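# An overview of the molecular structure
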Amino acid sequence: MATKKYTVTLPEELAEEIRQEVGSGGFSAYVTRAIERQREQDRLGELVTWLEEEHGFVTEDELASAEAERREFERHFTAQGTGVGEPHRRAS
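Scoring rules and cut-offs
- Residues numbered from 1 in each chain as written.
- Predicted model: local features only at pLDDT ≥ 70, side-chain atom pairs only at ≥ 80, totals over all residues.
- Heavy atoms only, no water.
- Helix = DSSP H or I, 4+ residues; strand = E, 2+ residues; numbered from the N terminus.
- Expected span 1.5 Å × (residues − 1).
- Phe/Tyr/Trp six-rings, centres within 6.5 Å; stacked < 30°, edge-to-face > 60°.
- Lys NZ or Arg CZ within 6 Å of the ring centre and 35° of its normal.
- pLDDT = per-residue confidence, 0-100.
- Patch = residues over 30% accessible without salt bridge, like charges linked within 9 Å, V, L, I, M, F, W, Y side chains within 5 Å.
- Areas by Shrake-Rupley, 256 points an atom, 1.4 Å probe, with all protein chains shown as cover.
- Salt bridge = Lys/Arg side-chain N within 4 Å of Asp/Glu carboxyl O.
- Buried < 20%, exposed > 50% of the residue type's maximum accessible area, 1.4 Å probe, protein only.

### Quick notes on helix α3 (residues 60–79)
Taking 1.5 Å per residue as the helical rise, α3 with its 20 residues ought to reach 28 Å, and the 29 Å between its terminal C-alpha atoms agrees with that figure. Where α3 ends, the next residue or the one after it, Gly 81, has phi of about 85°, a positive value.

This is the structure in structure tokens:
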């Protein structure tokens, strides 16, 4: 991906904390990943807004059902020895 240098203004304490954690060479990569995550969150928010406009708000019963299903998936993957969200590994 092509890159271009931009000037941004950040709170000094925050910028210095990040620089100390990642080093000066990792600062741009860190900021890039943070911006990418924020864009993903923004897009998810737009999707939620659109879905709510199309289908209405999620009810408490629907939330409870989804949470029960999530817990069931978590139990399933834990029983198989893989964490939730980790790829399932087949035996070779």
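So much for the structure itself; the text now carries on.
### Comments concerning the packing of aromatic side chains
For the structure on display, the rule yields zero aromatic pairs. Lying over the aromatic face of Phe 27, Arg 19 brings its terminal NZ or CZ to 4.5 Å of the ring centre.

### Here we look at the confidence of the model for the protein
Across the protein, pLDDT averages 90, with 89% of residues at or above 70. Within the protein, the element-level pLDDT minimum falls on α3, averaging 95, and the maximum on helix α2 (residues 27–55), averaging 97.

### A few points about a nonpolar patch on the surface
A grouping of Leu 44, Leu 47, Trp 50 and Leu 51 is seen on the molecular surface, where their side chains present a nonpolar patch of about 370 Å² in accessible area. As for its position among the elements, Leu 44 is in helix α2. For Leu 44, a relative accessible area of 46% gives the class partly exposed.

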